[in-house]
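An overview of the molecular structure
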Amino acid sequence: MNQPTIPALSAGAASIPAIGFGTSQLGDCAEIVATALRLGYRHIDTAWKYGTEKGVGLGIKASGVPRGEIFLVTKVSHEYLRAADFASKVDESLRNLQVDYVDLLHVHWPAVDGTPLAETMGALAKAKRDGLARHIGVANFNIALLKDAMRLCPEPLVTLQAEYHPYLDQSRVLDFCRRSGLVFTAYCPLGRGKLFKDPVIADIARAKGKTVAQIALRWQIQQGNIAPIPRSANPAHM
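A brief report on the enclosed structure follows. Because the structure is a prediction, the values reported are computed rather than measured. For every chain, the first residue of the written sequence is number 1, and numbering continues from 1 along that sequence. Side-chain atom pairs in this predicted model are given and counted only at pLDDT of 80 or more, local residue features only at pLDDT of at least 70, and totals for whole chains, interfaces and linings cover all residues. The side-chain numbers reported here are obtained from all heavy atoms of the structure, hydrogens and water having been left aside.

A short note on the sheet that holds strand 4 (residues 43-45)
On the basis of which strands lie adjacent, the open sheet formed by 8 strands has the order 3-4-5-6-7-8-9-10 and parallel pairing. If you trace the sheet from one side to the other, it starts and ends with strand 3 (21-22) and strand 10 (226-228), each paired once. Here strand 3 pairs with strand 4 via 2 bridges, running parallel. From the neighbouring strand, F21 faces strand 4, where its bridge partner is I44. Two residues qualify as a contact provided that any one of their heavy atoms is within 4.5 Å of a heavy atom in the partner residue. Here an axis means a line fitted to C-alpha atoms, over the contact stretch when the element is a helix, while the angle between two N-to-C directions is reported on a 0 to 180 degree scale. Only DSSP runs of H or I with at least four residues qualify as helices, and only runs of E with at least two residues qualify as strands; both kinds are numbered from the N terminus onward. Helix-sheet contacts for helix 3 (residues 83-97) involve strand 5 (71-76) and strand 6 (102-107), and the interaxial angle to strand 5 is about 140 degrees. Contacts from helix 8 (residues 212-221) reach strand 9 (183-187) and strand 10 within the one sheet, and its direction differs from that of strand 10 by about 155 degrees. Being paired, for any two strands, means DSSP has found at least two bridges between them.

Structure (structure tokens):
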């Protein structure tokens, strides 16, 4: 099979495949992830909160794709942002994934229990310094929190992950990411399935001889600093 060539986005020293494969809500996803990798995906996104880390680890093993070719992403959930808890959860995620490191480690959501952001950013940076994560970032932070995180983190952040699709205007956040040299990782890039019922996008797809999903993903990729991470359990959709 001829594998597609997926362009990469650069953020600092990070080289991030510009289209990824999300695993939220995919459950026991080992075979799904193995299929995605065999089809050419090289950017796999998971999280402790998704409950898919073990499946992702098994899928990587089953795929036969060398670990060094895969850009693997996971996240520490907002319940575990104290330094000691954070370190423990990183270790747990690595065990689940059966790897020695992840390529990108995110703080999944901002703290809701009053944990100081400086403490969390220190723990995130330590994971990188200890070789457990090659790059670090945050997810679901607004601009104000993102600014604080960048200021407080002893190591550079390379990404913000948040929801983005044609029904959700993220222009201010995207502009900030571009000015700051961050890649924006877009989850739910197909609008949680709503785009498939959109008549305007359907007309564009027919005119271009493409699918609605292809049009929506192309729209994001051509903006330059966006890496969409669609998900599907259907190999044809992948």
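Having seen the structure, we can now continue with the description.
Concerning the pattern of salt bridges
Each salt bridge in this description consists of a side-chain nitrogen of Lys or Arg and a carboxyl oxygen of Asp or Glu lying within 4 Å of one another. One pass over the full model with this rule turns up 14 salt bridges. For D45, the salt bridge goes to K75, with nearest N and O atoms at 2.7 Å. Of this pair, D45 sits in strand 4 while K75 sits in strand 5; the two residues are 30 residues apart in sequence, bridging distant segments of the chain. Note that R192 and E163 form a salt bridge whose closest N and O atoms lie 2.8 Å from each other. Pair noted here: R192 is in the loop between strand 9 and helix 7 (199-208) and E163 is in strand 8 (residues 157-163), with a separation of 29 residues, a long-range link. To sort residues, take the accessible area from a 1.4 Å probe on protein chains only and compare it with the maximum for the residue type: under 20% means buried, over 50% means exposed, and anything in between is partly exposed. With a relative accessible area of 56%, R192 lands in the exposed category. On the basis of relative accessible area, E163 is assigned to the buried category, the value being 17%.

With respect to the packing of helix 2 (residues 53-63) against helix 3
Contact geometry of helix 2 with helix 3 gives a least axis separation of 7 Å together with a crossing angle of 40 degrees. When the axis of helix 2 is compared with that of helix 3, the two are oblique. Contacts from E53, K54, V56 and G57 in helix 2 reach S93, N96 and L97 in helix 3. Angles below 35 degrees are treated as roughly parallel, those above 145 as roughly antiparallel, those between 65 and 115 as roughly perpendicular, and all remaining angles as oblique.

Overview of the layout of surface pockets
The distinction between a cavity and a pocket rests on a 1 Å grid over the protein atoms alone: a 1.4 Å probe fits inside a cavity but cannot get out, while a pocket stays open yet meets protein on both sides within 12 Å along at least five of seven lines, and a residue with an atom within 4 Å of a point counts as lining. Grid points are joined across faces, edges and corners, and a volume is the space filled by probe spheres set on the points. A volume near 1,300 Å³ is recorded for the largest pocket. What lines the largest pocket is a set of 44 residues, and nearest its centre among them are P189, L190, I229, P230 and R231. The set of elements that each furnish at least two residues to the lining of the largest pocket consists of strand 3 and helix 8. Ranked by residue count, the leading element in the lining of the largest pocket is helix 8, at 6 residues. For this classification, the nonpolar set comprises Ala, Val, Leu, Ile, Met, Phe, Trp, Tyr, Cys and Pro, the charged set comprises Asp, Glu, Lys and Arg, and every other residue, Gly included, is treated as polar. Split by residue class, the lining of the largest pocket holds 23 nonpolar, 15 polar and 6 charged.

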